[in-house]
Amino acid sequence: MFAAHRRPFITLTAVLVAVIVIFAAAILIPAWQARYHASRLLICLFDLHPGITTEAHARAQLKPLSRYELSFAGHDRGTQFQEVSYAFYNISEPASKVADVLPLALAQRLTLPWTAFKATVRYQDGLLSNVHILEMQEDIPGGPHPNSASTSILSPRFGQQIHYMPPVPSGFNGYSVYTRNTSGVDANGNSTGFNCCYARFITLDERATPVQLADSLNFQLRCLTSWRRCKDDRQILP
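Everything numeric here is computed off the predicted structure, so don't read it as measured data. (Residues numbered from 1 in each chain as written. Predicted model: local features only at pLDDT ≥ 70, side-chain atom pairs only at ≥ 80, totals over all residues. Heavy atoms only, no water.)

Caption draft 1: Structural detail: the overall build of the protein chain. In terms of regular secondary structure, the protein chain is built from six helices and seven strands. Counting from the amino terminus, the protein chain carries its helices and strands in the arrangement α-α-β-β-α-α-β-β-β-β-β-α-α. The buried share among the 238 residues of the protein chain stands at 38%. Sequence separation of at least 24 residues holds for 63% of the intrachain contacts in the protein chain that already meet a minimum separation of 6. When the accessible area of the protein chain is evaluated, it comes to approximately 13400 Å², of which 60% is carbon and sulfur surface. (Helix = DSSP H or I, 4+ residues; strand = E, 2+ residues; numbered from the N terminus. Buried < 20%, exposed > 50% of the residue type's maximum accessible area, 1.4 Å probe, protein only. Contact = heavy atoms within 4.5 Å. Areas by Shrake-Rupley, 256 points an atom, 1.4 Å probe, with all protein chains shown as cover.)

Caption draft 2: Region of interest: the packing of aromatic side chains. A complete count under the given rule lists five aromatic pairs for this structure. Measuring from centroid to centroid gives 6.1 Å for Phe72 and Phe81, while their planes differ by 55°, and the two rings are tilted. A ring pair is formed by Phe117 and Phe219, whose centres lie 5.8 Å apart and whose planes are at 85°; its orientation type is edge-to-face. Residue Phe117 is found in strand β3 (residues 115-124), and its partner Phe219 is found in the loop between α5 (210-216) and α6 (233-236); the two are separated by 102 residues along the sequence. Both residues of the pair, Phe117 and Phe219, count as buried. Here the guanidinium or amino end of Arg122 rests over the ring plane of Phe81, the centre of that ring lying 3.5 Å away. (Phe/Tyr/Trp six-rings, centres within 6.5 Å; stacked < 30°, edge-to-face > 60°. Lys NZ or Arg CZ within 6 Å of the ring centre and 35° of its normal.)

Caption draft 3: Summary view of the state of the cysteines. For the coordinates displayed, the defined rule picks out two disulfides. One disulfide in the model links Cys196 with Cys197; its S-S distance is 2.5 Å. On the sign convention where negative means left-handed, the S-S torsion of about -70° between Cys196 and Cys197 marks this disulfide as left-handed. Two residues, Cys223 and Cys230, share a disulfide whose sulfurs are 1.9 Å apart. A torsion of -95° about the S-S bond marks the disulfide between Cys223 and Cys230 as left-handed. (Disulfide = S-S within 2.5 Å.)

Caption draft 4: Quick peek at the pairing of β3. In terms of residue burial, β3 counts as a mostly covered element, since nine of its ten residues are buried. Relative to β3, strand β2 (residues 79-89) runs antiparallel, the two sharing nine bridges. Paired with Tyr89 across the bridge in β3 is Ala116. Pairing geometry for β3 and strand β4 (residues 127-138), over ten bridges, is antiparallel. (Pairing = 2+ DSSP bridges.)

Caption draft 5: Seen up close, the pairing of β4. Burial of β4 is extensive: twelve of the twelve residues sit out of reach of the surface. Here β3 folds back onto β4, and the loop between the two strands holds two residues, one of which, Asp125, carries a positive phi near 55°. Strand direction decides the pairing type here: β4 and strand β5 (residues 146-153), joined by eight bridges, are antiparallel. The residue of β5 that forms the bridge with Met136 is Ser148.

Caption draft 6: Just the environment of Tyr86, in detail. Within the secondary structure layout, Tyr86 lies in strand β2. Judged by its relative accessible area of 2%, Tyr86 is buried. Along the chain, Tyr86 and Leu41 lie 45 residues apart, while their C-alpha atoms are 8.4 Å from each other. Those residues within four positions of Tyr86 in sequence are excluded, and the remaining contacts are Leu41, Leu62, Leu65, Tyr68, Glu69, Phe117, Lys118, Ala119 and Val121. Polar contacts involving the side chain of Tyr86 include one to the side chain of Glu69, which spans 3.0 Å. (Polar contact = N/O pair within 3.5 Å; in protein donor to acceptor, adjacent residues only side chain to side chain.)

Caption draft 7: Spatial organisation of unusual backbone geometry. The phi torsion at Asp125 lies on the positive side, around 55°, for a residue other than glycine. The residue Asp125 is located in the loop between β3 and β4 in this model. Taking relative accessible area as the criterion, Asp125 reaches 46% and is therefore assigned partly exposed. Phi is positive for Cys197, close to 60°, though the residue is something other than glycine. Mapped onto the secondary structure, Cys197 falls in strand β7 (residues 191-204). Owing to a relative accessible area of 11%, Cys197 belongs among the buried residues under this scheme.

Interpretation note: all reported values are geometric properties and have no functional meaning in isolation.
So this is what it looks like as structure tokens:
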């Protein structure tokens, strides 16, 4: 009799455990896949130098990631170019749809903070001409502005070309960095102590030192797989 009463409880427990395991896998597997592919992409980008690396060499280096390419071709001042982008997200579409129907507070606890890693390379005149790398994570759940860090690598020969790169500062001499964030103020213009949406923009070319280049590519990909948020740009790119 006692064993008969235990069977439904054991079955229910097994079902709940199975649901939890499946849901956890649906959350964590895409995140770790995104982190793995982003790390492979970063390794490739370390060896690519705008204005120096040939298009053929760059394409060969990036070939293992060709299934993730999104290409755009066009003309710039009469010269043909091609931009190739790679984007990896830590939340899969099915998990995102499940989160959308859950109460916000519950969805925040059950899913990872939305995080993306993207890189775009541009080819022109048989050379790699620009590289733009961006990692970003939502700051306020559901908010439109993320915490982010981006690195733009240029060539003096080609200048800035990828249209969503930040503008090159005046007096640029091979390396620059600046940050911005959103701060709250009250009706009198006094700070409320609210700060969010930290963003850092790095621009460099072949005149930058090896240390500056290495630091500019030191993206913290753990942000893709951790429930602990990367709360500002320094946690994304130290």
